[in-house]
Amino acid sequence: MAVIHHTTLSPTKLELLAEWLPSRPWYQGATGTTGLAKAGGFRLDDPEGEVGIEFMVVTDAAGDEPVTYLVPLTYRGAPLKGAEDGLIGTCEHGVLGRRWIYDGAHDFVLVEQLLALLAGRTTAQAQSESDTPDPTVEVRTEGAGVPAGLTGPGTVTDTADASLVTVGPMMEERPVSTLTVCRVLRPAPAGDGAGRRVLAGWSAPDGDRRHGLFAHLAVSEA
């Protein structure tokens, strides 16, 4: 169970993201114009209790039209070897000290727990409360199940609105499935799409609640 500490971060998550987001291929604003605000999200628990896992939603309202992004984050007490491309930055936590913050698409702990969520083996947790499930996060399970032993990430490929993460079975090098993490969030009915997918909500700048696809898994037949 993750313990949520209501304390300070320096720099804050939004300050780190304001520097990092414009460097992403899926960022749709103009460089240097981020006007970020937190818009929602949820957490997952690390079974080992070592890594913080947060699916953070932020809205950039600085452009002509607001754009809402999903940024899965992991919080670690030491650098993650091999994940240098996913490092967003470091900060000082008021309780835990120095934390290394990663784009979670590059962190095997987040990827494996997202796969567990899609398989129904874990439950989404509230973003700001300890030991509190978030019933608003919806896992749709139509189509093929999640094969046992999937692990990752293999490669991470950014597109104009998503990150494609290859995942494969343990003890094999060839990835067989693709986990898509949506980066640009758009409202969509819960029934849209097929296969294993996670849908959740966020707040629009006008205060309205929106709901849409956060992630989905395409299982290869190979």
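(A) Main features of the pairing of strand β3 (residues 52–60). Of all nine residues in β3, nine are buried, a share of seventy percent or more. In β3, alternate side chains face the same way, and those of Gly52, Glu54, Met56, Val58 and Asp60 on one face and Ile53, Phe55, Val57 and Thr59 on the other are all buried. Of the strand pairs in this sheet, strand β2 (residues 36–44) and β3 are connected by eight bridges, and their pairing is antiparallel. Note that in β3 the partner of Gly41 across the bridge is Met56. With nine bridges joining them, β3 and strand β4 (residues 67–76) adopt antiparallel strand pairing. Counterpart to Gly52 in the pairing with β4 is Tyr75. If you look at the hairpin formed by β3 and β4, you'll find six residues sitting between the two strands.

(B) The arrangement of the layout of surface pockets in detail. Of the pockets and cavities examined, the second largest pocket occupies roughly 160 Å³. Secondary-structure elements contributing two or more residues to the lining of the second largest pocket are β4 and β12 (196–203). Residues belonging to the lining of the second largest pocket are distributed by class as follows: seven nonpolar, three polar and two charged.

(C) View of the environment of Trp26. Note that Trp26 resides in the loop between α1 (13–20) and β2. On the basis of relative accessibility, which here comes to 0%, the residue Trp26 falls in the buried class. Taking the C-alpha atoms as reference points, Trp26 and Ala162, 136 residues apart in sequence, are found 6.8 Å from one another. Setting aside its immediate chain neighbours within four residues, Trp26 contacts Trp20, Leu21, Tyr69, Asp158, Thr159, Ala160, Asp161, Ala162, Ser163, Arg183 and Val184. In this structure the side chain of Trp26 is engaged in a polar contact, spanning 3.4 Å, whose partner is the side chain of Asp158.

(D) A look at helix α2 (residues 108–119). Taking 1.5 Å as the rise per residue, α2 with twelve residues should run 16 Å; its terminal C-alpha atoms sit 16 Å apart, in good agreement. In terms of burial, α2 is a largely internal element, nine of the twelve residues being buried. Where α2 is concerned, the buried positions are Val109, Leu110, Val111, Gln113, Leu114, Leu115, Ala116, Leu117 and Leu118. Where α2 begins, the capping side chain belongs to Asp107, and its oxygen is found 3.0 Å from the backbone nitrogen of Val109. Phi turns positive, to about 80°, at Gly120, one or two residues after α2.

(E) Here's a closer look at the environment of Thr68. Within the secondary structure, Thr68 is located in strand β4. When the C-alpha positions of Thr68 and Val184 are compared, they lie 5.9 Å apart, and in sequence the two are 116 residues distant. Apart from residues no more than four positions distant in its own chain, Thr68 is found in contact with Val57, Val58, Thr59, Arg183, Val184, Leu185 and Trp202. Here Thr59 takes part through its side chain, which lies 2.9 Å from a polar atom of the side chain of Thr68.

(F) Examining the pairing of strand β5 (residues 87–93) more closely. When strand β1 (residues 9–10) meets β5, the two strands line up antiparallel, connected through two bridges. If you follow Ser10 over to β5, its bridge partner there is Glu92. Across six bridges, the pairing between β5 and strand β6 (residues 97–103) is antiparallel. The partner of Gly89 across the bridge, within β6, is Ile101.

(G) Looking closely at the pattern of salt bridges. Taken as a whole and judged by the stated rule, the model has eight salt bridges. The partner of Arg98 in a salt bridge is Glu92, and the shortest N-O contact between them spans 2.5 Å. Glu92 sits in the partly exposed class, given a relative accessible area of 35%. Salt-bridge contacts for Arg183 lead to Asp103; the nearest nitrogen and oxygen are separated by 2.8 Å. You can see Arg183 sitting in the loop between β11 (177–182) and β12 and its partner Asp103 sitting in strand β6, a full 80 residues away along the chain. We note that Arg183, like Asp103, is buried. Three or more residues joined by partner-sharing salt bridges are found here, namely Lys13, Arg43 and Glu54.

What counts and how
- Residues numbered from 1 in each chain as written.
- Predicted model: local features only at pLDDT ≥ 70, side-chain atom pairs only at ≥ 80, totals over all residues.
- Heavy atoms only, no water.
- Buried < 20%, exposed > 50% of the residue type's maximum accessible area, 1.4 Å probe, protein only.
- Helix = DSSP H or I, 4+ residues; strand = E, 2+ residues; numbered from the N terminus.
- Pairing = 2+ DSSP bridges.
- 1 Å grid on protein atoms, 1.4 Å probe; cavity = no way out; pocket = protein on both sides within 12 Å on 5 of 7 lines; lining within 4 Å.
- Points joined across faces, edges and corners; volume = space filled by probe spheres on them.
- Nonpolar A, V, L, I, M, F, W, Y, C, P; charged D, E, K, R; others polar.
- Contact = heavy atoms within 4.5 Å.
- Polar contact = N/O pair within 3.5 Å; in protein donor to acceptor, adjacent residues only side chain to side chain.
- Expected span 1.5 Å × (residues − 1).
- Salt bridge = Lys/Arg side-chain N within 4 Å of Asp/Glu carboxyl O.

Scope: geometric values only; no functional claims are made or implied.
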